[in-house]
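Survey of secondary and tertiary structure
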Amino acid sequence: MMDLWDSLSALMQDIVLTVALLLPALILWRLVLRGFAPRPLIGALLWRFRWANALFVLLIAVSVGMGLGLLAQERGLREGTARAADKFDLVVTAPGSEITMMLATVYLQPSDVPLLDGATYQAIAAHKNVSIAAPLAFGDSFGASSVVGTTAEFVQHLSDGKIEGRLWESTAEAVIGARTPLQIGDAFEPAHGVGDAAEHDAHDADLTVVGRIGYTGTPWDRAVLVPIETIWEVHGLASGHAPGRSDQIGPPFDPDYFPGTPAIVVRADAMWANYALRSEFTRDAQTMAFFPGAVLSNLHRLMGDIRQAMSLMSLVTQCLVAASVLLGLFILSRLFMRQMALLRALGAPARFVFAVLWSYCTTLLVAGSVLGLGLGWITAMVLSRIISARTDILISARLSWTEFHYLAGFVSLMTLLSLLPALAVLRKPIVDGLRG
Amino acid sequence: MTLPLHVRDCVVRNRGGRVLVNVPHLDLLPGASLGIRGPSGAGKSTFLYALAGLLEGMDGEVHWGDTDLLTMSSARRASFRAANIGMIFQDFLLFEELDAAANASLAAMYLPKARRTGVKTRAMAQLAHLGLDASARSVASYSGGERQRVAIARALANEATILLADEPTASLDRAAADALIEDLVNRVRDHGTTLIAVSHDARLLDRMDRVLGLEDGQVAAGALP
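Quantities reported herein were computed from a predicted structural model and do not represent experimental measurements.

Description of the overall build of chain B
From N to C terminus, chain B includes seven helices and ten strands. Its C-alpha atoms give chain B a radius of gyration of 17 Å, near enough to 17 Å, the size a compact globule of 225 residues would have. Counting only C-alpha atoms and orienting by the principal axes, one finds that chain B spans roughly 45 × 40 × 35 Å. When each of the 225 residues of chain B is scored for burial, the buried share is 56%. Excluding contacts between residues fewer than 6 apart, the proportion of contacts in chain B whose partners are at least 24 apart in sequence is 67%. Surface exposure of chain B reaches about 9,100 Å², of which carbon and sulfur atoms provide 50%. For chain B, the separation between the mean place of its 24 positive charges and that of its 26 negative charges on side chains is 4 Å.

Examining the overall build of chain A
A tally of helices and strands in chain A yields 15 helices and eleven strands. For a compact globule of 436 residues, the expected C-alpha radius of gyration is about 22 Å, and chain A comes in at 31 Å, more than 25% above that figure. Based on the C-alpha atoms only, the size of chain A along its principal axes is roughly 105 × 50 × 35 Å. The buried share among the 436 residues of chain A stands at 49%. In chain A, once contacts between residues fewer than 6 apart in sequence are set aside, the share between residues at least 24 apart is 77%. Total accessible area computed for chain A in this model is approximately 20,200 Å², and 63% of it derives from carbon and sulfur atoms.

Digging into the environment of Arg390(A)
All names here are of chain A. If you trace the backbone, Arg390 turns up in helix α12 (residues 350-391). For Arg390, a relative accessible area of 72% translates into the label exposed. Between the alpha carbons of Arg390 and Pro219 there is a distance of 9.7 Å; along the sequence they are 171 residues apart.

Comments concerning helix α6 (residues 118-125) of chain A
Residue and element names in this part refer to chain A. Among the residues of α6, those classed as buried are Gly118, Thr120, Tyr121 and Ile124. Buried residues of α6 fall within an arc of 160 degrees about the axis and therefore sit on the same side. For α6, the elements touching its buried residues are β1 (90-93), β2 (130-142), β10 (263-268) and α9 (271-281).

Brief notes about the confidence of the model for chain B
Per-residue confidence for chain B gives a mean pLDDT of 89, with 97% of residues at or over 70. Confidence estimates for the predicted assembly give a pTM of 0.76 and an ipTM of 0.91.

Section: the layout of surface pockets
Taken as a whole, the largest pocket holds about 760 Å³ of empty space. Lining the largest pocket are 37 residues, and of these Pro429(A), Ile430(A), Leu54(B), Leu55(B) and Glu56(B) sit closest to its centre. Secondary structure elements with two or more residues in the lining of the largest pocket: α15 (430-434) of chain A together with β1 (5-13), α1 (44-52) and α2 (74-84) of chain B. Among the elements that make up the lining of the largest pocket, the one with the highest residue count is α2(B) (eight residues). For the lining of the largest pocket, the per-class residue count stands at 19 nonpolar, seven polar and eleven charged.

Overview of the interface of chain A and chain B
In this assembly, 26 residues from chain A lie in contact with 24 residues from chain B. Both sides together, the interface formed by chain A and chain B hides about 2,300 Å², and carbon and sulfur atoms give 65% of it. Our count for the chain A to chain B interface comes out at three salt bridges. Between Arg48(A) and Glu97(B) there is a salt bridge whose closest N-O contact spans 2.8 Å. Mapped onto the side of chain A that touches chain B, the elements with two or more residues apiece are α3 (39-48), α11 (337-346) and α15 of chain A. When residues in the side of chain A that touches chain B are grouped by element, the largest group, seven residues, is from α11(A). Its residues assigned to classes, the side of chain A that touches chain B shows 18 nonpolar, three polar and five charged.

Description of the environment of Pro38(A)
As for its position among the elements, Pro38(A) is in the loop between α2 (10-33) and α3. Spatially, the C-alpha atom of Pro38(A) lies 8.9 Å from that of Ser359(A), the residues being 321 residues apart in sequence. The residues contacting Pro38(A), other than those within four sequence positions of it, are Leu33(A), Phe352(A), Val356(A) and Met109(B).

Regarding the packing of α2(A) against helix α13 (residues 401-417) of chain A
Residue and element names in this part refer to chain A. The geometry of α2 relative to α13 is characterised by a closest axis approach of 8 Å and an angle of 10 degrees between their N-to-C directions. Here α2 lies roughly parallel to α13, going by the angle between them. Here Leu11, Asp14, Ile15, Leu17, Thr18, Leu21, Leu22, Leu23, Pro24, Ala25 and Leu28 of α2 come into contact with α13, specifically with Trp401, Phe404, His405, Ala408, Gly409, Val411, Ser412, Thr415 and Leu416. Here the residues of the contact of α2 with α13 are counted per class, giving 14 nonpolar, five polar and one charged.

Observations concerning the packing of helix α5 (residues 98-105) of chain A against helix α10 (residues 292-333) of chain A
All names here are of chain A. Where α5 meets α10, the closest approach of the two axes is 10 Å, and the angle between their N-to-C directions is 115 degrees. Both α5 and α10 take part in a crossing whose hand is left-handed. Of the residues in α10, those touching α5 at Glu98, Ile99 and Met102 are Pro292, Val295, Leu296 and Leu299. Grouping the amino acids of the contact of α5 with α10 by side-chain chemistry returns six nonpolar, no polar and one charged.

Structural notes on α10(A)
For α10(A), with 42 residues, the first-to-last C-alpha span of 58 Å sits near the 62 Å given by 1.5 Å per residue. Helix geometry: α10(A) is bent most strongly at Met303(A), by close to 35 degrees.

Structural notes on the side chain of Thr18(A)
Here Thr18(A) is to be found in helix α2. With near-sequence residues (within four places) excluded, Thr18(A) lies in contact with Trp401(A), Phe404(A), His405(A) and Ala408(A).

Observations regarding the nonpolar core
If you look at the biggest cluster of nonpolar residues, it comprises 139 residues, and the most contacted ones within it are Leu434(A), Phe47(B), Trp64(B), Met87(B) and Ile196(B). Among the elements that take part in this core, α12(A) stands out by supplying 13 residues, more than any other. The residues touching Phe47(B), leaving out its near neighbours within four places in the chain, are Val7(B), Cys10(B), Val21(B), Val23(B), Leu26(B), Ile36(B), Leu212(B) and Leu214(B).

Details of the side chain of Arg75(A)
Within the fold, Arg75(A) resides in helix α4 (residues 50-84). Within the structure, the side chain of Arg75(A) is placed 3.0 Å from the side chain of Ser400(A), a separation counted as a polar contact.

Focus: the pairing of strand β5 (residues 173-176) of chain A
All names here are of chain A. Of the two faces of β5, the one carrying Glu173 and Val175 and the one carrying Ala174 and Ile176 are both buried. Bridging between β5 and strand β9 (residues 224-227) involves two bridges; their strand directions are antiparallel. When the bridges of β9 are listed, Val175 appears paired with Leu225.

With respect to the pairing of β1(B)
Residue and element names in this part refer to chain B. Pairing between β1 and strand β2 (residues 19-28): eight bridges, direction antiparallel. Pairing of Val11 across the sheet is with Asn22, part of β2. Here β1 hands over to β2 after five residues, with Gly17 in that stretch at a positive phi of 95 degrees. Sheet topology note: the β1/strand β4 (residues 59-64) ladder contains five bridges and is antiparallel. In the strand pairing of β4, Leu5 is matched with Trp64.

What about the packing of aromatic side chains?
Residue and element names in this part refer to chain A. The full count for this structure, using the stated rule, is 13 aromatic pairs over all chains. When the centroid spacing of 5.0 Å and the interplanar angle of 70 degrees are considered together, the rings of Trp232 and Phe258 count as edge-to-face. Of this pair, Trp232 sits in helix α8 (residues 228-234) while Phe258 sits in the loop between α8 and β10, and the two are 26 residues apart along the sequence. In this structure an aromatic cluster arises from ring pairing among Tyr121, Trp232, Phe253 and Phe258.

Rules used throughout
- Residues numbered from 1 in each chain as written.
- Chains lettered and ligands numbered in written order.
- Predicted model: local features only at pLDDT ≥ 70, side-chain atom pairs only at ≥ 80, totals over all residues.
- Heavy atoms only, no water.
- Helix = DSSP H or I, 4+ residues; strand = E, 2+ residues; numbered from the N terminus.
- Rg over C-alpha atoms; globule rule 2.2 N^0.38 Å.
- Buried < 20%, exposed > 50% of the residue type's maximum accessible area, 1.4 Å probe, protein only.
- Contact = heavy atoms within 4.5 Å.
- Areas by Shrake-Rupley, 256 points an atom, 1.4 Å probe, with all protein chains shown as cover.
- Lys, Arg positive; Asp, Glu negative; His and termini not counted.
- Charge placed at Lys NZ, Arg CZ, Asp CG, Glu CD.
- Arc of directions from axis to C-beta.
- pLDDT = per-residue confidence, 0-100.
- 1 Å grid on protein atoms, 1.4 Å probe; cavity = no way out; pocket = protein on both sides within 12 Å on 5 of 7 lines; lining within 4 Å.
- Points joined across faces, edges and corners; volume = space filled by probe spheres on them.
- Nonpolar A, V, L, I, M, F, W, Y, C, P; charged D, E, K, R; others polar.
- Buried area = accessible area lost by both parts, 1.4 Å probe.
- Salt bridge = Lys/Arg side-chain N within 4 Å of Asp/Glu carboxyl O.
- Axes fitted to C-alpha atoms, helices over the stretch in contact; angles between N-to-C directions.
- Parallel < 35°, antiparallel > 145°, perpendicular 65-115°, else oblique.
- Left-handed = near helix turned anticlockwise from the far one by under 90°.
- Expected span 1.5 Å × (residues − 1).
- Bend = angle between axes of the 7 residues up to and from the residue.
- Core = buried A, V, L, I, M, F, W, Y, C linked by side-chain atoms within 4.5 Å.
- Polar contact = N/O pair within 3.5 Å; in protein donor to acceptor, adjacent residues only side chain to side chain.
- Pairing = 2+ DSSP bridges.
- Phe/Tyr/Trp six-rings, centres within 6.5 Å; stacked < 30°, edge-to-face > 60°.

Have a look at this one:
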């Protein structure tokens, strides 16, 4: 059985699981309505109490929508943050907190960190398995944009070669992210530091924007990228190159004239080599090498408990709302007790009366759930836009099969619970119902 | 097939055990009409419900032909009503959101598929016979007399041979009540349907073959002619 299951494609497994979760509701529907045609009557009841029904549907929709929206959002955030780290296979920094360094390098949330020296950089750059070793120097800013010093090679890697304009050719030139509020041809002066503490006149440098990289969906879309030599230059440090070669931009750097860099992004020529490089460059008191993807996944694992709690709370909330709605329906059903008694007096089988009431409740639940699916999609979309705008991490929260499974389970459970108000109406003696 | 009625020692009690209706003996030939009269609270409607098999825990016998309603399960009694009895109520009890045709053919929703078309056809024929157009407007816009005609069409759409009516004219003005009595009686006479009507309306009772008087749940002395 498990072999058969494993042999199915992921899509097929999702479809089978959704159908399996809906199966109790479908079987119930078939059993309850078999041989009857009560649709006009159900429509009449729905129309008679249309405002109350609309309110019930809306309540269910909002609770379902919020639950689905949050679940989709949480997954979108995980995927978005993971995607933002895609270009950062391995990062080497001075020993410290991996999370702090990951936030600084991948998500451009700079911190004061120790620098790696030229010898370390040289060792990494010269390693036989390293294809890119890009120093990153951060700490300066322009407005809300981080100014990051690096190499042209890293810009190519980050943008997959999608560059409008051109790359820099001197230390007075810069390349901007897709959403940086500058245009090609603009000149600007970087400030020392970031945020409110930035010193705006600390650097006497006028930089000109010569290129713009394509949209990456990462915080780097708002960055200003400059040659790392520019950062060293505006801070009055060595240029990274021996005297006589001081006009050179980019590697190779001369370890003797290398002022230091807070982080080095490393790309190995093969996947396996990353692991070797990580262990090689994890040296006590000297360097720390980490996979941002692994740090993220540890974080996500830690947050997994919160996610589960969130899912459970959302499910409980939805069930409570649905239970309140069922209670409301139970009270409402007393209003058409007379009509139900009439049906039974006319000779309708008890199962028919039961089918009418159950279908009425189920219609509201299913309508609320379907509307909730739409609301969940809108919620996820709005939240994604807000979070993307705030973090610059592209969050594309879409409803996935997980949400459909969740919804299918909810619908099945609630259709089963809908049996209760329907049964309650049948318990009332017919004559009591007829007399109102 | 029209069924004769035989009632023996029919006693209906409330939950506290108080006797609400006690009819020791009643026979009615197929196709006859019986009026039940009496003051309010005399147990007239309760007796009518007893004859329809709508009450639980009664004593005695209520036979429609060979069928003893009181020994049957509630499901079988419902099935018997569906096949033989049409019911008419004082306040019509229609589904206001449905049109006349859907109300009159209500039974088509729960009867087996093979019988649905027949019920719908007969419902339309009854409506036409009673002078109602089967337009798509909901019955909420109908007058009292028209609504009660829809209720009669509903009662007859399933070829009911027994009509049980509870104050069928009480919610109608005199002219509408007289027209309805005429329709009801003609219909019964033409088709040999048994009619039992609870009523305070002397004009309706006058048109019945027999009248049973009830007082405080007991058959009034000399009430059955």
